[in-house]
Amino acid sequence: VQLQASGGGLVQAGGSLRLSCAASGRTFSTYTVGWFRQAPGKERDFVAAITRSGGSRYYADSVKGRFTISRDNAKNTAYLQMNSLKPEDTAVYYCAADFLSRDRVGVREEYAYWGQGTLVTVSS
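All figures in this text were calculated on a predicted structure; none of them were measured in a lab.

Re the packing of aromatic side chains
- Throughout the structure, instances matching the rule amount to 7 aromatic pairs.
- Each ring, one from Tyr31 and one from Phe99, has its centre 4.5 Å from the other, and the planes form 20 degrees; the classification is stacked. Taken together, the residues Tyr31 in the loop between strand E3 (17-24) and strand E4 (32-38) and Phe99 in the loop between strand E9 (91-98) and strand E10 (113-114) connect sequence positions 68 residues apart.
- Their ring planes at 80 degrees and their centres at 6.4 Å tell us that Tyr94 and Trp114 sit as a pair that is edge-to-face. Of the two residues, Tyr94 sits in strand E9 while Trp114 sits in strand E10, which places them 20 residues apart along the sequence.
- With relative accessibility at 13%, the residue Tyr94 sits in the buried group.

Structure, rendered in C-alpha cells:
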C-alpha cells in the first residue's frame, strides 16, 4: 500500500487542522492506520491509531480530547482532526499502515508502510 499524507500548515495556537492520509494499492480497509509525529531533534512518536473497521481508536495521552482519528474506507483515506493546537504539537506528521494486533498499534517499528510526512507548525 502507498500512503500520502497532506493537510499540514501553519496555524496559531488554539487553532485546528485536519490531516489526510490517502492510500492506494492493496485494500486499505484491511490495515490498521496510525499517525506519528516527529519534532526536530526528537524521535518519531505515536499520536493515534484506528483499527480496520474504525471500531477502535487509540490516542497518546498528550493529544487525548484534542485530536480525533477517523477513516473512510470507501475513499481509502484516514484523517486526523487536530483541535486546540499547541506549540508543542509542532512536528512532521506521518501516517502509517500495517496488519497489527491491538496491543501493538502504538509501536512505530510495527508499521511497514509509511507516508512521506506533512509539516504542522503551531505558532504561539
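Concerning the pattern of salt bridges
- Applying the stated criterion across every chain yields a total of 5 salt bridges.
- For the salt bridge of Arg37 with Asp89, the shortest nitrogen-to-oxygen distance reads 2.9 Å. Separated by 52 residues along the polypeptide, Arg37 in strand E4 and Asp89 in the loop between strand E8 (77-82) and E9 bring together distant segments of the chain.
- With a shortest N-O distance of 2.7 Å, Asp89 and Arg66 are connected by a salt bridge. Here Asp89, found in the loop between E8 and E9, pairs with Arg66, found in the loop between strand E6 (57-59) and strand E7 (67-72); they are 23 residues apart in sequence, far enough to count as distant.
- One continuous salt-bridge network, built from bridges that share partners, spans Arg37, Arg66 and Asp89.

Brief notes about the state of the cysteines
- What the rule picks out here adds up to 1 disulfide.
- Each sulfur of the disulfide joining Cys21 and Cys95 lies 2.2 Å from the other. On the sign convention where negative is left-handed, the bridge of Cys21 and Cys95, at about 75 degrees about the S-S bond, is right-handed. Within this pair, whereas Cys21 is found in strand E3, its partner Cys95 is found in strand E9, the two being separated by 74 residues in sequence.
- We classify Cys21 as buried; its relative accessible area is 0%.

Conventions adopted
- Residues numbered from 1 in each chain as written.
- Predicted model: local features only at pLDDT ≥ 70, side-chain atom pairs only at ≥ 80, totals over all residues.
- Heavy atoms only, no water.
- Phe/Tyr/Trp six-rings, centres within 6.5 Å; stacked < 30°, edge-to-face > 60°.
- Helix = DSSP H or I, 4+ residues; strand = E, 2+ residues; numbered from the N terminus.
- Buried < 20%, exposed > 50% of the residue type's maximum accessible area, 1.4 Å probe, protein only.
- Salt bridge = Lys/Arg side-chain N within 4 Å of Asp/Glu carboxyl O.
- Disulfide = S-S within 2.5 Å.

Any functional reading would require information beyond the geometric quantities listed.
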